[in-house]
Amino acid sequence: EMATSADRSRPNILITGTPGTGKSVTSSEVAAACGMKHIDIGIVAKEHNLHVEYDEEYSCPVLDEDRVIDELEDEVGAGGVVVEYHGCSFFPERWFDIVFVTRTDNTVLYNRLEERGYSGKKLSDNVQCEIFQTILEEARDSYDENIVHELQSDTPEQLVSNVERITQWVQAWLSSR
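Each value, and the rule that gives it
- Residues numbered from 1 in each chain as written.
- Predicted model: local features only at pLDDT ≥ 70, side-chain atom pairs only at ≥ 80, totals over all residues.
- Heavy atoms only, no water.
- Helix = DSSP H or I, 4+ residues; strand = E, 2+ residues; numbered from the N terminus.
- Rg over C-alpha atoms; globule rule 2.2 N^0.38 Å.
- Buried < 20%, exposed > 50% of the residue type's maximum accessible area, 1.4 Å probe, protein only.
- Contact = heavy atoms within 4.5 Å.
- Areas by Shrake-Rupley, 256 points an atom, 1.4 Å probe, with all protein chains shown as cover.
- Patch = residues over 30% accessible without salt bridge, like charges linked within 9 Å, V, L, I, M, F, W, Y side chains within 5 Å.
- Salt bridge = Lys/Arg side-chain N within 4 Å of Asp/Glu carboxyl O.
- Lys, Arg positive; Asp, Glu negative; His and termini not counted.
- Charge placed at Lys NZ, Arg CZ, Asp CG, Glu CD.
- Polar contact = N/O pair within 3.5 Å; in protein donor to acceptor, adjacent residues only side chain to side chain.
- Phe/Tyr/Trp six-rings, centres within 6.5 Å; stacked < 30°, edge-to-face > 60°.
- Lys NZ or Arg CZ within 6 Å of the ring centre and 35° of its normal.

A few words now on the overall build of the protein. Helix and strand counts for the protein stand at 7 helices and 7 strands. When the helices and strands of the protein are read in sequence order from the N terminus, they spell out β-α-β-α-β-β-α-β-β-α-α-α-β-α. Computed over C-alpha atoms, the radius of gyration of the protein comes to 16 Å, within 12% of the 16 Å expected from 2.2 N^0.38 for 177 residues, which places it in the range of a compact globule. Sorting the 177 residues of the protein into buried and exposed places 45% on the buried side. For the protein, contacts bridging at least 24 residues in sequence account for 74% of all contacts bridging at least 6. When the accessible surface of the protein is summed, it comes to about 9000 Å², and 46% of that surface belongs to carbon and sulfur atoms.

Given below as structure tokens:
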């Protein structure tokens, strides 16, 4: 029997978005502020070798999604985690109580990705992904629309405000229990 939100004493949060939109900082700060565990799927996959292949075109490993789910099922089922990844459709819907999609202005995003060393197809495809709201649509298709929220993440001030907003949501979730 898989744990659902009703069985958890603490909520689970998914923070997703195009690379460079502020997921990592937002996730780690929310986890720290709320005393929750931050799970970066990219790091977990690397530590546990949960890749099926290497994508030469994008110079990045390809995730073995089924093995990621198996690896994290118990930990996420227990509640109190902030999961971060640039995709969201393969996670079980029952894992998350709320989903935040970080969004960034295209010019800001272009500059951030360029600073990270992205170039060519990898750079243009990620900016296009943001322009076409690919991750937002994926989140809305994968979860109840009522739990999917956009977070604009262009400036340090917006980042602080996003962390406060999520922290307040966690407090409300806990007090409603």
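It is worth spelling out a negative patch on the surface at this point. On the surface, Glu-65, Asp-66, Asp-70 and Glu-71 cluster together into a patch of negative charge. Checked against the element boundaries, Glu-71 lands in helix H3 (residues 65–77).

Attention shifts here to the environment of Asp-74. Looking at the element boundaries, Asp-74 is found in helix H3. On a C-alpha basis, the gap between Asp-74 and Asp-97 in space is 16 Å, while along the polypeptide they are 23 residues apart.

Mapped onto the fold, Arg-8 is located in the segment before strand S1 (13–17). Looking at Arg-8, its side chain comes within polar contact range of the main-chain oxygen of Trp-95, at 3.5 Å. In terms of polar contacts, Arg-8 uses its side chain to reach the side chain of Asp-97, at 3.1 Å.

So, about the packing of aromatic side chains. In the structure shown here, the tally under the stated rule is 6 aromatic pairs. With a centroid separation of 6.2 Å and an interplanar angle of 70 degrees, the aromatic rings of Phe-96 and Tyr-143 are classed as edge-to-face. Placement of Phe-96 in the loop between strand S5 (81–85) and strand S6 (98–103) and of Tyr-143 in the loop between helix H6 (134–142) and strand S7 (148–152) is noted, with a sequence separation of 47 residues between them. Given the relative accessible area of 4%, Tyr-143 is considered buried. Connected via pairs of aromatic rings, a cluster forms that spans Tyr-85, Phe-90, Phe-91, Trp-95, Phe-96 and Tyr-143. Over the ring of Tyr-118 we find Lys-122, and its NZ or CZ is 4.7 Å from the ring centre. Taking the ring centre of Trp-173 as reference, the NZ or CZ of Arg-177 above it sits at 3.7 Å.

Without other data, these values stay purely geometric and don't point to any function.
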